[in-house]
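Next come the chains, spelled out residue by residue.
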Amino acid sequence: MYSHNKTAMQCDRLWKNARLATLTGEGLGIVDDGLVAARDGRIVFAGRAPDAPSLDAAETIDCAGRWITPGLVDCHTHIVHGGNRAHEFELRLAGASYEEIARAGGGIVSTMRATRAATEDELVASALPRVDTLMAEGVTTLEIKSGYGLDTATEMKSLRAARRIGEVRPLSVKTTFLGAHALPPEANGDKDAYIAAVCNEMLPSVARARLADAVDAFCEGIGFTPQQVERVFEAAKAKGLRVKLHAEQLSNLHGSSLAARYGALSADHLEYVDEQGVAALARAGTVAVLLPGAFYFVRETHKPPVDLLRQHGVKIALASDSNPGSSPLTSLLLAMNMGATLFRLTVDECVAGVTREAARALGCLDEVGTLEAGKWCDLAIWDIERPAELVYRMGFNPLHARVWRGK
Ligand code: DI6
Ligand code: FE
């Protein structure tokens, strides 16, 4: 129980003897003799112990010098889906390309079939082991896209499954409607007619049921043209929903400039973005979400222009892109390692990319992503000596404890 010290600030839980990476400001915001205090699930103090007000905590946890970062944010996943694509992986090992498989009716459409065949319960049950794996590495906020239904009923079923994951696990879920992900077979090749259905039927139904926090599209030769994406963005705008875009993953269709014109939260992938696109992202404050898992898994060789992003001051996030086709990855620690090894991101960029910048890419930086009074008390507590250990290892998980909303 609380003591009766009237001058002390009451709190529920206090973590002391910690080293903090608060992620406030530009860098990691390192604090040596650090302390975090939570009340009602929110941070009431995070900073140097000598600067803390007098605190009266119901529970005190001695971190014994461990590091605390904000809980990790995976800001781009397709983690809810039926089936898997291990067989296509075998075909790719035998020489087929990702695009060839997609054009031959495999790819996204094969996952669509499995997703349509699954019940909502089955979608939740099959996603949970993947979600649990992310959580075991400290993920406290998770974005989940639809996009394997490609009809109103299955898109809504997928988004309801995504929302339920946030109910059955101590985790914040942000949902994104990705109806414009691929063309379903029943559209008979008519992409414009399908986009009309996305805009006039699917998106309004999803918005009415409040199932999406944002709207995304796949702007690509095997996806949709910038003109088609623009129609989806107009429909999203009409419903007051923020947009994101899969842009410049396999070619440069200038999706980034389009996303920027619509004030997109993020433009994702970006292997083929040019300087004009980068400048547009910078002007709009759109976050560049890099997805090294997909780059690695499809054995892409064209790297996103990280130096240009830096020169123009574009914020960089990193995510798993967890999906059955191009990135069957359920590790943000490995995504960080790949971001550094494959894209030459610095340790600070990697850590910021899965915390502060990932939160910015979801439009929830006012709630999570840094250790600051007023935000949710979402923490990852690590058995490490320096933050670089989060990035340099492969397949080792140094998480000591995970805290979501103060617990
Ligand atoms: N780009 C991707 O990397 C994923 N979706 C997208 O638009 C791939 C999805 C899949 O292959 O199932
Ligand atoms: Fe994706």
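Peer 1: Pulling in residues and values, what's your account of the site of ligand 1?
Peer 2: Around ligand 1, the structure places 14 residues, and the nearest of them are Arg85, Tyr98, Tyr148, His181 and Ser326. At 2.8 Å from a nitrogen atom of ligand 1 is found a side-chain nitrogen or oxygen belonging to His181. Measuring from a nitrogen atom of ligand 1, one finds a side-chain N or O atom of Gln249 at 3.0 Å. Protein contacts shield 100% of the accessible area of ligand 1, which totals 320 Å² for the unbound molecule. For the shell around ligand 1, a count of residues per class yields 4 nonpolar, 8 polar and 2 charged.

Peer 1: Tell me about the coordination of the iron ion (ligand 2), and name the residues and values.
Peer 2: Binding of the iron ion (ligand 2) to the protein goes through His76 (NE2), His78 (NE2), His246 (NE2) and Asp321 (OD), at separations of 2.1 to 2.4 Å. One can describe the donor arrangement at the iron ion (ligand 2) as irregular, given that its 4 donor atoms subtend angles of 80 to 167° at the metal. Positions of the donor residues of the iron ion (ligand 2), expressed as sequence spacing, correspond to H-x1-H-x167-H-x74-D. One end of the pair, His78, is in the loop between β6 (72-74) and α1 (86-93); the other, Asp321, is in the loop between β13 (316-318) and α12 (332-343), and 243 residues separate them in sequence. The buried category is assigned to His78, whose relative accessible area is 2%.

Peer 1: Give a detailed account of the side chain of Asp321, specifying residues and quantitative values.
Peer 2: Of the side chains bearing the opposite charge, Lys145 lies closest to the buried Asp321, which forms no salt bridge; the N-O distance is 6.9 Å. When residues no more than four places from it in sequence are discounted, the contact partners of Asp321 are His76, Thr77, His78, His269, Leu291, Ala294, Ser326 and Ser327.

Peer 1: For unusual backbone geometry, give the residues involved together with the corresponding values.
Peer 2: What is expected of a backbone is that most residues other than glycine have negative phi and most peptide bonds are trans. Of note in this structure, Ala64 is not a glycine but carries a positive phi near 50°. You can see Ala64 is positioned in the loop between β4 (55-62) and β5 (67-70). Overall, Ala64 belongs to the exposed group, its relative accessible area being 60%.

Peer 1: Pulling in residues and values, what's your account of helix α6 (residues 191-208)?
Peer 2: Along its 18 residues, α6 runs 24 Å from first to last C-alpha, staying within 8% of the 26 Å computed at 1.5 Å per residue. Remark: the principal bend of α6, roughly 40°, maps to Val198. All buried positions along α6 are accounted for by Tyr194, Ile195, Val198, Cys199, Met202, Leu203, Pro204, Ser205 and Val206. The inward-facing, buried residues of α6 contact α5 (152-168), β8 (172-180), β9 (214-219) and α7 (226-238). Among the residues of α6, the N-terminal cap falls to Asp190, whose side-chain oxygen and the backbone nitrogen of Asp192 are separated by 3.3 Å.

Peer 1: Quick rundown of the sheet that holds β13? Include the residues and the values.
Peer 2: Taken together, 8 strands build an open sheet; the order of strands is β6-β7-β8-β9-β10-β11-β12-β13 and the sheet is parallel. With partners counted over all chains shown, the strands left at the sheet margins are β6 and β13, one partner each. When strand polarity is set aside, the average angle formed by the axes of neighbouring strands in this sheet is 25°. Alignment of strand β7 (residues 139-145) against β8, held across 5 bridges, turns out to be parallel.

Peer 1: Give me the lowdown on the pairing of strand β10 (residues 242-247), citing residues and values where you can.
Peer 2: Burial analysis of β10 places 5 of its 6 residues in the buried class, the great majority of the element. Relative to β10, β9 runs parallel, the two being bridged by 4 bridges. Along β10, the bridge assignment pairs Cys219 with Ala247. The parallel pair β9 and β10 is bridged by α7, and the resulting crossover is right-handed. As paired elements, β10 and strand β11 (residues 266-269) share 4 bridges and run parallel to each other.

Peer 1: Please provide a residue-by-residue account of helix α4 (residues 120-135), values included.
Peer 2: The end-to-end C-alpha distance of α4 is 21 Å, a good match for the 22 Å that 16 residues give at a rise of 1.5 Å each. If you look at α4, its biggest bend is around 35°, right at Leu128, and the proline Pro129 turns up within four residues after that. All of the buried residues along α4 are Glu120, Leu123, Val124, Ala127, Leu128, Arg130, Val131, Leu134 and Met135. Where α4 is buried, its residues contact β6, α3 (108-117), β7, α5, α12 and β15 (399-403).

Peer 1: An account of the environment of Asp33 is requested, with residue identities and associated values reported.
Peer 2: By secondary structure assignment, the location of Asp33 is in strand β2 (residues 30-39). Here Asp33 falls in the partly exposed class, since its relative accessible area comes to 40%. C-alpha separation for the pair Asp33 and Asp268, spaced 235 residues apart in sequence, amounts to 37 Å. What Asp33 contacts, discounting residues up to four positions off in sequence, is Ala18, Gly47, Arg48, Ala49 and Pro50.

Peer 1: Any details on the packing of aromatic side chains? Residues and values, ideally.
Peer 2: Scanning all chains against the criterion turns up 4 aromatic pairs. Over the ring of Trp376 we find Arg42, and its NZ or CZ is 3.8 Å from the ring centre. A cation sits over an aromatic face here: Arg405 above Trp376, 3.9 Å from the ring centre.

Peer 1: Which residues make up the pattern of salt bridges, and what values do they have?
Peer 2: What the rule picks out here adds up to 26 salt bridges. Residue Glu367 is joined to Arg42 by a salt bridge in which the shortest nitrogen-to-oxygen separation is 3.4 Å. With Glu367 in the loop between α14 (356-361) and β14 (379-382) and Arg42 in strand β3 (residues 42-48), the pair connects residues that are 325 residues apart, well separated along the chain. Exposure remark for Glu367: the relative accessible area of 27% places this residue in the partly exposed category. Shared partners join several salt bridges into a network, and the residues in it are Glu120, Asp121, Arg160 and Arg164.

Conventions used here
- Residues numbered from 1 in each chain as written.
- Chains lettered and ligands numbered in written order.
- Predicted model: local features only at pLDDT ≥ 70, side-chain atom pairs only at ≥ 80, totals over all residues.
- Heavy atoms only, no water.
- Near = heavy atom within 4 Å.
- Polar contact = N/O pair within 3.5 Å; in protein donor to acceptor, adjacent residues only side chain to side chain.
- Areas by Shrake-Rupley, 256 points an atom, 1.4 Å probe, with all protein chains shown as cover.
- Nonpolar A, V, L, I, M, F, W, Y, C, P; charged D, E, K, R; others polar.
- Donors = N, O, S within 2.8 Å, 3.2 Å for Na, K, Ca; no water.
- Tetrahedral: all angles 85-135°; square planar, octahedral: opposite > 155°, others 65-115°.
- Helix = DSSP H or I, 4+ residues; strand = E, 2+ residues; numbered from the N terminus.
- Buried < 20%, exposed > 50% of the residue type's maximum accessible area, 1.4 Å probe, protein only.
- Lys, Arg positive; Asp, Glu negative; His and termini not counted.
- Salt bridge = Lys/Arg side-chain N within 4 Å of Asp/Glu carboxyl O.
- Contact = heavy atoms within 4.5 Å.
- Expected span 1.5 Å × (residues − 1).
- Bend = angle between axes of the 7 residues up to and from the residue.
- Pairing = 2+ DSSP bridges.
- Axes fitted to C-alpha atoms, helices over the stretch in contact; angles between N-to-C directions.
- Right-handed = clockwise from strand over helix to strand, strands pointing away.
- Phe/Tyr/Trp six-rings, centres within 6.5 Å; stacked < 30°, edge-to-face > 60°.
- Lys NZ or Arg CZ within 6 Å of the ring centre and 35° of its normal.

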